[in-house]
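# Coordinate inspection notes
One letter stands for each residue in the lines below.
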Amino acid sequence: MPAYEVSAEAIAARLSAVGLTTRVEERDDCTAIEAEVPEPLSAESWREVLEAVAEADRFGLLATSSNDRTLWAVVGKAVPATGDVGGPGHQR
């Protein structure tokens, strides 16, 4: 199994361990992980969630006016160039 798949599966497993239902989708250039975030989520669970997605190349949270929250993370299939590194300090 390629390293990006191992990484994506590990992130999904950690999110599942917190109680989130995850979806993993293979795309041309990355593996995407999504999870609906229930209301409320404890501070300890949020810490676990953030530690898990910090392992991804990019991540974010989509929130709607109807209080739906979808957490997303992507793990790229190719190693990014030096000037194209993402992560918690460089969101797009």
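Summarised in this report is the structure supplied together with it. (Residues numbered from 1 in each chain as written. Predicted model: local features only at pLDDT ≥ 70, side-chain atom pairs only at ≥ 80, totals over all residues. Heavy atoms only, no water.)

### With respect to the pairing of strand β3 (residues 58-63)
Filter applied, for reference: In this description, strands pair whenever DSSP reports at least two bridges between them. In DSSP terms, a helix is any run of H or I states spanning at least four residues, a strand is any run of E spanning at least two, and both are numbered starting from the N terminus.
Where β3 lies against strand β4 (residues 69-76), 6 bridges are found, and the strand directions are antiparallel. Bridging from a neighbouring strand, Gly60 pairs with Trp72 of β4. Two successive antiparallel strands, β3 and β4, enclose a turn made up of 5 residues, where Asn67 displays a positive phi of approximately 70°.

### A few points about the nonpolar core
In summary, soluble globular proteins display a tendency toward joint burial of nonpolar side chains. Heads up, the condition is: Among buried residues, those of type Ala, Val, Leu, Ile, Met, Phe, Trp, Tyr and Cys that are joined through side-chain atoms within 4.5 Å constitute a nonpolar core. For every residue, the accessible area (1.4 Å probe, protein chains only) is compared with the maximum for its type, and the residue is labelled buried under 20%, exposed over 50%, or partly exposed between those bounds. In what follows, a contact means two residues having at least one pair of non-hydrogen atoms within 4.5 Å.
In this structure, Leu15, Ile33, Leu71 and Val75 are the most contacted members of the largest nonpolar core, which totals 18 residues. Counting residues per element, the ones that place at least two in this core are α1 (3-18), β2 (30-36), α2 (43-53) and β4. No other element matches the 5 residues that α1 contributes to this core. Those residues in contact with Leu71 that sit more than four places away from it in its chain are Leu15, Leu20, Ile33, Glu34, Ala35, Val37, Val49, Val53, Gly60 and Leu61.

### Here's the deal with α1
For an α-helix the count is 3.6 residues per turn, leaving residues at separations of three or four pointing the same way. Put simply, the rule is: The span one expects for a helix is its residue count, reduced by one, times 1.5 Å. It is the directions from the helix axis to the C-beta atoms that the arc portrays.
Taking 1.5 Å per residue, 16 residues should reach 22 Å; α1 reaches 23 Å between its end C-alpha atoms and fits that length. All of the buried residues in α1 are Tyr4, Ala8, Ile11, Ala12 and Leu15. Buried positions in α1, seen along its axis, are confined to an arc of 95° and lie on one side of it. Opposite the buried face of α1, by more than 90 degrees, sit the exposed residues Ala3 and Ala17. Backbone geometry just after α1 places Gly19 at a positive phi near 110°.

### So, the sheet that holds β2
Selection rule: All axes are obtained by fitting lines to C-alpha atoms, using only the stretch in contact for helices, and the reported angles, taken between N-to-C directions, cover 0 to 180 degrees.
The 4 strands are arranged β1-β2-β4-β3 in an open sheet whose pairing can be described as antiparallel. What marks the edges here is a single partner per strand, and that holds for β1 (22-26) and β3. The mean inter-strand angle of the sheet, taken between neighbouring strand axes irrespective of direction, is 20°. Here α1 sits on the sheet and contacts β1, β2 and β4; the angle it forms with β1, its principal contact strand, is near 165°.

### Some points on the pairing of β1
Bridge count between β1 and β2: 5 bridges; the pairing is antiparallel. When the sheet's bridge partners are listed, Glu25 is paired in β2 with Ala32. Joining the antiparallel neighbours β1 and β2 is a turn of 3 residues.

### Examining the packing of α1 against α2
In a pair of packed helices, the angle between the axes and the distance between the axes together describe the arrangement. Inclusion rule: When describing relative orientation, an angle under 35 degrees is termed roughly parallel and one over 145 degrees roughly antiparallel, while 65 to 115 degrees is termed roughly perpendicular and anything else oblique. All amino acids are sorted into three groups, where Ala, Val, Leu, Ile, Met, Phe, Trp, Tyr, Cys and Pro are nonpolar, Asp, Glu, Lys and Arg are charged, and the leftover types, Gly among them, are polar.
Relative to each other, α1 and α2 sit at 175°, their axes nearing to 9 Å. The pairing of α1 with α2 is recorded here as roughly antiparallel in orientation. Contact residues: Ile11, Arg14, Leu15 and Val18 in α1; Ser45, Glu48, Val49, Glu51, Ala52 and Val53 in α2. Along the lines of polarity and charge, the residues of the contact of α1 with α2 split into 6 nonpolar, 1 polar and 3 charged.

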